[in-house]
Amino acid sequence: MARKTENNGPSVSAQEALEFHAMGRPGKLEIVATKPMATQRDLSLAYSPGVAVPVLAIAEDPSRAFDYTTRGNMVAVISNGTAILGLGNLGALASKPVMEGKAVLFKRFADVDSIDLEVDTEDADEFINCVRYLGPSFGGINLEDIKAPECFIIEQRLRELMDIPVFHDDQHGTAIISAAGLINALEVTGRDMRTTRMVCNGAGAAGIACIELMKAMGFAPENIILCDTKGVVFQGRTEGMNQWKSAHAVKTEARSLAEALDGADIFLGLSAKGALTTRMVQSMAKNPIIFAMANPDPEITPEEVAKIRTDAIMATGRSDYPNQVNNVLGFPYIFRGALDVRATTINDDMKIAAARALAELARQDVPDDVAAAYQGNRPKFGPSYIIPVPFDPRLISAIPLAVAKAAMDSGVARKPILDLDRYAQELSARRDPIASTLQRIYDRVRRQPKRIVFAEGEEEQVMRAAVSYVNQRLGTAILLGRDDVIEENARHAGIELNKQGIEIINARLSRRNSVYTDYLYERMQRKGFLFRDCQRLINNDRNHFAACMVALGDADGIVTGVTRNYSTALDDIRRVIDAKPGHRVIGASIVLARGRTVIVADTAVHDMPNAEQIADIAEEAAGFARRMGYEPRLAMLAYSTFGHPQGERSERVQEAVRILDKRRVDFEYDGEMAADVALNARAMAQYPFIRLTGPANVLIMPAFHSASISTKMLQELGGSTVIGPLLVGLNKPVQIVSLNAKDSDIVNMAAIAAYTAGA
Ligand SMILES: NC(=O)C1=CN([C@@H]2O[C@H](COP(=O)(O)OP(=O)(O)OC[C@H]3O[C@@H](n4cnc5c(N)ncnc54)[C@H](OP(=O)(O)O)[C@@H]3O)[C@@H](O)[C@H]2O)C=CC1
Ligand SMILES: CC(=O)C(=O)O
Ligand SMILES: [Mg+2]
């Protein structure tokens, strides 16, 4: 049962983690208004006097709160910080990064709005009293990182007091995900639940809830041994006990974890780093199942297990190993389903339905568009793939659907869903496409790591990006610059560059210097350049040197741009690297706005393209969209729509459409049209002859100025995320960032350069 054990995902340094949290506005969340707040009228509607109307409506019928307020899509993540991950009781304030993290995961994975609340008390009654009165604000309460046994009392009491779902994620979320993983691990190893022997280390929130669910699913109580810091929870034990542990105490001679594990089939770790030793693993049954789920560090690492056993099925709570058994696979989707039917609670039927749906997903064939979300090759149900990864785009439709159905069947849905097929489609539409696209890019590069030149290697943000590139296992980062300056700047900024995967190259001292000079001279001698001009460029200009490295195969791609404006950097590069034969170099920007992704071109190269050039830009942009995973629908944009109003600029776009007609291209396009027609289905419907099957996802701009102005305005005024301009059509992968690029922008561009190097 050989399995992949290498840590093949991203790993991050402590410094990166702090900078990530401090970057921009500190923390990970902000609140934005969903209604206009611009005029006196807006104010009168949103606030007094207009607001009185929904107030009265809700007072008359409380269910109207779901129509007029955020309640129906809002979950509070609440903690007192007494069991933060596996780090222990560090207090309410210290738990805030985790709670903010859970809140953003709710949004990212299931479009549930969420806010974190840290309650500064360890007293169960005080905590309960604080939370119980918050019911009107929320559609659900996700309790988090509250230690046992108080967590049991708190959750039980709040469930009784509140008429919305109250769900302690460390208990039930963890139980659901472990159950799903175990169902599949048992299947893979041919075991029967009723006769399988399990040892659960950790008798806290997670451990107790897990074994309760396992017993409800069919494990025999006498086959489950629970352990804690004092060893086995046996019948008659008095030390460190409570009623929840007692309920699972068994008759056994075993007193220590080591004794309990002798011959056991399953180890369920919900305790702390390092609690499981290789000697204990050695003593387990054939094909042992080891779920080491303590966070952030597991009870034992997959590498340690692999050294001594090749027959184990191994899972951890981390995203950087295969088989991540972590409650992130559950809570966003479970609440999505519960909220959508306005469930009064999350009951056992809903939990079991979620576990079964998760287990089932891992057994299905992975379709093409999903395969990309997986590290390594297309996963196949087996020892290294017993559970889907958090980025699996099928989760958002499969899990909430199962939960909502179970809520309806068990009678806790206040608003049953009549058309479940349609609901499944609506769920898929909640996916954030670009995040998956970037994830896909990173995953592909991780499988085929590349050597990327970071041309401006002396700059602090570039060094940070290079470190992040290497830490994320994307390949080798080459920093161009003077060794002493790079080292001094790195030391000053506290950046650790002494690591495998980072190379520093000083252009002036490089052995390849003369080869590059000859190469550049060969290309430029008839364009007014003397040999010594070329020599100076290679010695002094990092873009020329970097471009030669890539042109002559010494590196796979380049990222540059923080010290020089875009067009100057592009001119430098174009002296060394041509367009791909038969292609035109263009700039394409990916714009992400309100859950929609559109590609805009040409945002970088052609100032005032003629009709032929606009048609070329359209072809390049369509090819780019396909490489990014979108089936292109191109709108050829102008200020006019299908001939009205008339004008010279619009005629040029009409001519470009005719050229595309003649070229018989294999993608959807039409125009000329205005941006609102291109993007709005209702506006489009006024032109029944239009050849697009839906709103455009690629916008071809009539000129550089409109492309640049509109994307920058979207970014600054519309709150859109804009990635790019990305250079498309060059013979070698080069990406130019903007002058104010942050390290995260640079590493994204480096990853995109590496991705296209593999294309
Ligand atoms: N992968 C995932 O999705 C999840 C993982 N977890 C992880 O599970 C662990 C426990 O979390 P939670 O249940 O919320 O915390 P609790 O504080 O409620 O419980 C911790 C339990 O672990 C026991 N324990 C601690 N250290 C050891 C040890 N070295 N050997 C044996 N038992 C030990 C404690 O024993 P005692 O009772 O004697 O004090 C206690 O029973 C954490 O590491 C957490 O990160 C939790 C939720 C989800
Ligand atoms: C994942 C999680 O909730 C924990 O480790 O506490
Ligand atoms: Mg937790």
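Predicted, not measured: the structure shown is a model, and the values here were computed from it.

S.K.: Explain the pairing of strand E16 (residues 596-601) to me, please; I cannot follow it from the model alone.
M.R.: Along a regular strand, successive side chains alternate from one face of the sheet to the other. When you tally the buried positions in E16, you get five out of six residues, the bulk of the element. Where strand E15 (residues 586-593) lies against E16, six bridges are found, and the strand directions are antiparallel. Its bridge partner lying in E16, Val591 is registered against Val598. Across three bridges, E16 lies against strand E19 (residues 698-700) in parallel orientation. Bridge pairing in E19 links Val600 to Leu699.

S.K.: Quick question: what am I supposed to make of unusual backbone geometry here?
M.R.: Most peptide bonds are trans, and most residues other than glycine sit at a negative phi. Each neighbour pair has its own omega, and for Ser48 with Pro49 the value is 10°, a cis peptide bond. Checked against the element boundaries, Pro49 lands in the loop between helix H2 (40-46) and helix H3 (52-60). In the segment running from Gly671 into Glu672, the intervening peptide bond is cis, with an omega of 0°. The phi dihedral of Asp111 is positive, around 55°, even though this residue is not glycine. Along the chain, Asp111 turns up in the loop between helix H5 (96-110) and strand E2 (113-118). Unusually for a residue other than glycine, Asn323 sits at a positive phi of about 55°. Residue class for Asn323 comes out buried when judged on its relative accessible area of 4%.

S.K.: What is the right way to look at the site of ligand 1 in this model?
M.R.: Close contacts around ligand 1 come from 26 residues, with Ala203, Ala206, Thr229, Lys245 and Asn327 the closest. Between ligand 1 and Gly204, the relevant distance is 3.2 Å, taken from an oxygen atom to a main-chain nitrogen or oxygen of the residue. Contact between ligand 1 and Asn327: an oxygen atom at 2.9 Å from a main-chain N or O atom of the residue. Coverage of ligand 1 by the protein amounts to 82% of the 920 Å² it exposes when considered alone. Secondary-structure elements contributing two or more residues to the shell around ligand 1 are helix H8 (169-188) and helix H9 (205-217). The residue makeup of the shell around ligand 1, split by class, is eleven nonpolar, eleven polar and four charged.

So, how was this worked out
Residues numbered from 1 in each chain as written. Chains lettered and ligands numbered in written order. Predicted model: local features only at pLDDT ≥ 70, side-chain atom pairs only at ≥ 80, totals over all residues. Heavy atoms only, no water. Buried < 20%, exposed > 50% of the residue type's maximum accessible area, 1.4 Å probe, protein only. Helix = DSSP H or I, 4+ residues; strand = E, 2+ residues; numbered from the N terminus. Pairing = 2+ DSSP bridges. Near = heavy atom within 4 Å. Polar contact = N/O pair within 3.5 Å; in protein donor to acceptor, adjacent residues only side chain to side chain. Areas by Shrake-Rupley, 256 points an atom, 1.4 Å probe, with all protein chains shown as cover. Nonpolar A, V, L, I, M, F, W, Y, C, P; charged D, E, K, R; others polar.

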